[in-house]
Amino acid sequence: MSVLSPIGKINVNTDRVSFAALVSDTADAVTFDSTATELSKSVVSFGYQPTMQTNDFWASGQQIDTYVAKSGGTVNLTVPVTEAILEKLLFGSQYDVASKMITSNKDDVIPYVMLSVSTKRSDGTVNLYKFPKVKFASQGESVQTSNASGVTYSSVQLNGNYSPLINNGDDMYVIKGLDVSTVEGQEIYDEWFDASLPS
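Along each chain, numbering runs from 1 in the same order as the chain's sequence is written. Totals for whole chains, interfaces and linings use all residues, but because this is a predicted model, local features are given only for residues with pLDDT of at least 70 and pairs of side-chain atoms are given and counted only at 80 or more. Think of the side-chain values as coming from all heavy atoms in the structure, minus any hydrogens and water.

1. Quick notes on the pairing of strand β1 (residues 11-25)
The following threshold applies: DSSP-based pairing: two strands are paired if at least 2 bridges between them are found. Note on conventions: DSSP H or I runs of at least 4 residues are helices, E runs of at least 2 residues are strands, and numbering of each starts at the N terminus.
Relative to strand β8 (residues 113-121), β1 is paired through eight bridges, and the arrangement is antiparallel. By the bridge assignment for β8, Thr14 is matched with Thr119. Where β1 meets strand β3 (residues 37-39), three bridges bridge the pair, whose relative direction is antiparallel. If you follow Val17 over to β3, its bridge partner there is Leu39. Of the pairings in the sheet, the one linking β1 to strand β2 (residues 30-32) comprises three bridges and is antiparallel in character. Pairing of Leu22 across the sheet is with Phe32, part of β2. Here β1 hands over to β2 after four residues, the two strands then running antiparallel side by side.

Below is the structure:
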């Protein structure tokens, strides 16, 4: 019997997030836009839920086998706002720099992006999560007026579906308990938010 010790430390805070446009995903190669877009100090909450497909096989009145298949999943982010560059990157909207106008059109194509996220643990280490192929759906915005009771802060919910890559079948990469106080750990941490797959 193997015993895990010590027990892994729990997540206590959100940390960093970046997005990179997925340009191509084929059997031969995966390519991303050359530059990732990182949101500075902008993760309110983060979570993901894998989709598991199960099927039981029965014979002679009893279950004799079970098949479980992974099929990507859902990922959720809460951020304070979605600026123009994010509306274009995640939802395919058009953005006019001069007029500052964002235009959403019925024919906009929602692109795939790579999502990279980190969280902080109670012992000072970090967990790293990377989803190479995600499509986000816009949830809109809701704002409440300030009144005698004070100000109610608004935020934006980003709900996405992550899928396995055609190239290699990977749908998520995770590093848990990375010590960023070391030179090597800091390098891994910084490179995690680039527009590339983990090496």
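2. Digging into the environment of Ala69
The criterion, for reference: Each residue is assigned to one of three classes by its accessible area relative to the maximum for its type, calculated with a 1.4 Å probe on protein chains only: buried under 20%, partly exposed between the two thresholds, exposed over 50%. Throughout, a contact is declared for two residues whenever any of their heavy atoms are within 4.5 Å.
Mapped onto the elements, Ala69 comes out in strand β5 (residues 62-79). Given the relative accessible area of 18%, Ala69 is considered buried. Not counting the four nearest positions on each side in its chain, Ala69 is found in contact with Thr51, Met52 and Gln53.

3. Considering the side chain of Lys130
Defined as follows: Positive: Lys, Arg. Negative: Asp, Glu. His and the chain ends are not part of the count. A carboxyl oxygen of Asp or Glu within 4 Å of a side-chain nitrogen of Lys or Arg is what we treat as a salt bridge. As used in this structure description, the phrase polar contact means that two N or O atoms lie within 3.5 Å; if the pair is within protein, one of them must be able to donate a hydrogen and the other to accept it, and residues adjacent in sequence are counted only when both atoms belong to side chains.
Within the element layout of this structure, Lys130 appears in strand β9 (residues 126-138). Nearest to the buried, unbridged Lys130 among oppositely charged side chains is Asp194, at 7.8 Å. At 2.5 Å, the side chain of Lys130 and the backbone oxygen of Trp192 are in polar contact. A polar atom in the side chain of Lys130 sits 3.4 Å from the backbone oxygen of Ser196. In contact with Lys130, not counting residues within four places along its chain, are Met114, Leu115, Ser116, Asp171, Met172, Tyr173, Trp192, Asp194, Ser196 and Pro198.

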